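Descriptive analysis of the structure
Here are the chains, one letter per residue:
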Amino acid sequence: MELTQLTIREAREKLETRECSAVELAEAVFGAVRKRDGEVHAYLEVYEPQAIEDAKKIDARIAVGEKLHVLAGIPLAIKDNILIRDAHTTAASRILEEYIASYNATVVTKLHEAGAIFVGRTNMDEFAMGSSTESSAFGPTRNPHNGERVPGGSSGGSAAAVAADECIAALGSDTGGSIRQPAALCGVVGLKPTYGSVSRSGLIAMASSLDQIGPITKSVGDAEILFDAIRGSDPLDSTTVSRSYISDPRLVSSMRIGVPKEYFLEGGLNPDVKEHVEKAIHIFKDLGVEIQEVSLPNAEYALACYYVIMPAEVSANLSRFDGIRYGLSTEADKLFDVYAKTRQHGFGPEVRRRIILGTYVLSAGYYDAYYTKAQRVRALIKKDFDEVFKEVDAIISPTAPNPAFAIGEKTSDPLAMYLEDIYTVTANLAGIPAISIPCGKSREGLPIGFQLMAAPFDEGTLFALGKAYEQVQR
Amino acid sequence: MISKKDIEHLATLARIELTDDEKEKFRHDLERILEYVEKLTLADTDRVGALARITEGSNILRHDADEVRLASEPHELVEAAPGEEKGHIKVRSIWN
């Protein structure tokens with residue numbers, strides 16, 4: 001097996017037994033980047049010299065027998081909306097093309113302390129708005145399984161980097177599915193933690209009540225390791241919650257999985273996706289997990305709810321990009337025009353579309369009809385989940401309604417693109433944890449993933465079920 | 001449902017300049033999206049309040065301290081600005 005194909009656990013073992021060095025591991029990863037990234041375009045920038053320097057330091061510490069964190073010396077890819085001090089962070093936008101981060105995201109500080117190696121920053125949909133990574137101002141990323149297809153989005157670069165073995169694991173961010181959907185389309189694991197588990201300090205904000213940073217990895221066990229390393233309350237993010245995480249000691253045969261009847265109605269679900277998700281349900285049944293039908297009566301409103309709340313928060317969060325304190329600034333005589341022209345030239349069409357939509361739903365006369373209404377529907381959706389989690393430990397669904405679509409296929413119709421999020425937005429609205437796990441390939445050889453959702457702070461159930469599933473697949 | 005004037009008003013509020021073609025494209029897109037989200041009116045929300053916050057918690061204050069360590073030096077932040085003069089961020093006059 002190539003060094004680049006190792007999981008975090010496997011790489012850690014080889015580093016500890018000195019079977020390979022951190023420098024060799026890093027060099028192998030950069031070799032893979034050189035070989036594949038010309039075609040895949042997962043990365044916007046790589047940090048080879050710094051990474052090799054850091055790897056040497058890790059090797060020196062291993063040599064003197066120092067006990068290190070499980071992530072020490074592990075090459076990770078970081079999504080381009082997570083700030084790394086003194087490095088370019090652009091959110092794949094022209095408006096931040098020259099911006100250099102002035103501080104570290106809290107998750108970056110934690111990973112630095114653990115001794116992780118940063119391979120580079122990965123491509124994404126501009127400001128995390130999209131489900132295909134096609135709206136990046138710096139070109140699309142290609143699905144490593146089929147170069148004519150999208151990797152999903154918005155964390156398409158991170159998912160593609162993991163799938164193409166151009167890193168051992170990656171960080172992404174998820175507002176409406178942006179970790180899980182690309183993970184599903186690229187055949188890797190992606191976790192969106194419970195809202196408040198991982199600090200958003202240093203994450204370029206998209207929708208503050210929905211965003212979470214999370215791991216994209218080759219295995220469920222790796223997702224658990226990376227999640228454990230980045231979680232924690234943070235005085236710099238007052239929405240973080242102090243909570244401990246312990247591995248769930250229960251046997252999966254004592255667990256119950258709910259199948260929402262609203263998600264498996266006839267029509268609208270790609271037959272290959274349906275087939276493979278149903279197979280996954282059977283595998284859980286064979287493991288002794290109890291399967292029962294549940295209902296999420298307000299699920300049909302989730303996408304509409306999301307596409308009111310998210311653009312509203314986006315319109316507020318992106319108002320800081322105005323050509324004054326950082327980033328692109330278009331010259332103009334009047335101050336108003338500095339703002340208006342900078343934002344016209346700096347933001348791509350999808351970003352501008354969502355800002356305009358958000359401005360509309362928040363504007364006088366429409367605020368109650370749209371935004372307040374959507375917030376109430378959000379309360380209904382959360383209530384649905386609270387009720388269901390009284391009966392079951394986890395809920396299963398497809399992650400994405402379709403496998404990877406062709407590049408350019410959905411770009412002319414925003415609504416068609418938005419419908420890709422139909423199974424993922426609910427977890428962000430309810431603030432619950434959700435994981436996507438690969439479960440096979442379509443007839444065209446494209447990866448398919450199923451999604452498990454659990455009650456707030458119950459990532460333990462997701463990891464236990466996920467690992468049990470993986471064991472069977474092996 | 002959405003007129004060109006509506007889009008122009010929104011563009012002003014959002015401080016984004018749009019070309020005429022863009023105004024028409026966004027007008028059309030907005031109309032389609034609003035048509036889709038119209039289904040929210042069918043949800044029975046009479047008995048729930050707005051969900052404004054996901055996590056519990058009260059205001060979090062930092063400790064009083066003689067010295068507060070900043071994540072970045074002031075000069076670094078000023079240097080990041082597009083316009084700078086004598087250690088201050090330079091902008092167009094607000095009176096224009």
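One can find the structure itself at the top, above this paragraph.
Presented here is a report on the structure given in the accompanying data block.

1. Some remarks on the packing of aromatic side chains
Residues and elements named next belong to chain A. In the structure shown here, the tally under the stated rule is 17 aromatic pairs over all chains. Ring centres of F450 and Y469 lie 4.8 Å apart, and the angle between their planes is 70 degrees; this geometry places the pair in the edge-to-face category. On the criterion of sequence distance, the pair formed by F450 in strand β11 (residues 447–454) and Y469 in helix α15 (residues 459–473) is long-range, its members being 19 residues apart. Residue Y469 is classed as buried on the basis of its relative accessible area of 2%. Three or more aromatic residues link up through ring pairs in this structure, and these residues are Y99, F127, F321, Y326 and F347. Over the aromatic face of F405 sits the side chain of K410, whose NZ or CZ is 5.2 Å from the ring centroid.

2. What to know about the interface of chain B and chain A
Taken together, the contact between chain B and chain A spans 52 residues of the former and 63 residues of the latter. Taking both sides of the interface into account, the surface hidden between chain B and chain A amounts to around 5100 Å²; carbon and sulfur atoms contribute 67%. Counting every contact that joins chain B to chain A gives five salt bridges. Ionic pairing is found between R32 of chain B and D413 of chain A, a salt bridge with its closest N-O pair at 2.4 Å. On the surface where chain B and chain A come into contact, there are 19 residue pairs in polar contact (both at pLDDT 80 or more). Of all the secondary structure elements, the ones that give two or more residues to the side of chain B that touches chain A are α1 (4–13), α2 (20–37) and α3 (74–80) of chain B.

3. Description of empty space enclosed by the protein
Think of a ball as big as a water molecule: rolled over the atoms, this probe shows where empty space is left. Residue and element names in this part refer to chain A. This structure, assessed with the given rule, holds one cavity of 30 Å³ or more. Approximately 80 Å³ is the volume attributed to the largest cavity. Taken together, 15 residues form the lining of the largest cavity, with A128, G130, S178, Y306 and D421 sitting closest to its centre. Across the lining of the largest cavity, the residue classes tally to five nonpolar, eight polar and two charged.

4. Some words on unusual backbone geometry
All names here are of chain A. Across the junction of G153 and S154, the peptide omega takes the value 10 degrees, indicating a cis bond. The topology assignment puts S154 in the loop between β3 (117–122) and α5 (156–163). Here the phi dihedral of H41 falls at roughly 55 degrees; this positive angle occurs in a residue that is not glycine. Mapped onto the secondary structure, H41 falls in the loop between α2 (22–40) and β1 (43–46). Look at T133: it is not a glycine, yet its phi comes out positive at around 65 degrees.

5. Brief notes about the sheet that holds strand β8 (residues 290–294) of chain A
Residue and element names in this part refer to chain A. What the 11 strands build is an open sheet, ordered β1-β3-β2-β4-β6-β5-β10-β11-β9-β7-β8; its pairing is mixed. Across the chains shown, the open sheet's two edge strands, defined by having one partner strand only, are β1 and β8. Across the sheet, the mean angle separating the axes of adjacent strands is 30 degrees when strand polarity is ignored. Where strand β7 (residues 256–260) lies against β8, five bridges are found, and the strand directions are parallel. Each residue of the ladder has a partner; that of G258, found in β8, is Q292. Contacts from helix α7 (residues 220–230) reach β2 (75–79), β4 (169–174), β5 (189–192), β6 (212–217) and β10 (434–441) within the one sheet, and its direction differs from that of β6 by about 145 degrees.

6. Some points on helix α1 (residues 8–16) of chain A
An α-helix turns once every 3.6 residues. As a result, residues three or four positions apart point the same way. Residue and element names in this part refer to chain A. Those residues of α1 that fall on the buried side of the exposure criterion are I8, A11, R12 and L15. Viewed along the axis of α1, the buried residues span an arc of 100 degrees, placing them on a single side of the element. As for α1, its buried residues are in contact with α2, α3 (48–63), β4 and α7. Positioned one or two residues after α1, R18 has a phi angle of 60 degrees, which is positive.

7. Remarks on the pairing of β5 of chain A
Residue and element names in this part refer to chain A. On β5, burial covers both faces: V189 and L191 on one face and G190 and K192 on the other are all buried. Note: β5 against β6, two bridges, orientation antiparallel. Across the sheet, residue V189 finds its bridge partner in β6, namely T217. Strand direction decides the pairing type here: β5 and β10, joined by three bridges, are antiparallel. Of the residues in β10, the one forming a bridge with L191 is I435.

Criteria and thresholds
- Residues numbered from 1 in each chain as written.
- Chains lettered and ligands numbered in written order.
- Predicted model: local features only at pLDDT ≥ 70, side-chain atom pairs only at ≥ 80, totals over all residues.
- Heavy atoms only, no water.
- Phe/Tyr/Trp six-rings, centres within 6.5 Å; stacked < 30°, edge-to-face > 60°.
- Helix = DSSP H or I, 4+ residues; strand = E, 2+ residues; numbered from the N terminus.
- Buried < 20%, exposed > 50% of the residue type's maximum accessible area, 1.4 Å probe, protein only.
- Lys NZ or Arg CZ within 6 Å of the ring centre and 35° of its normal.
- Contact = heavy atoms within 4.5 Å.
- Buried area = accessible area lost by both parts, 1.4 Å probe.
- Salt bridge = Lys/Arg side-chain N within 4 Å of Asp/Glu carboxyl O.
- Polar contact = N/O pair within 3.5 Å; in protein donor to acceptor, adjacent residues only side chain to side chain.
- 1 Å grid on protein atoms, 1.4 Å probe; cavity = no way out; pocket = protein on both sides within 12 Å on 5 of 7 lines; lining within 4 Å.
- Points joined across faces, edges and corners; volume = space filled by probe spheres on them.
- Nonpolar A, V, L, I, M, F, W, Y, C, P; charged D, E, K, R; others polar.
- Pairing = 2+ DSSP bridges.
- Axes fitted to C-alpha atoms, helices over the stretch in contact; angles between N-to-C directions.
- Arc of directions from axis to C-beta.

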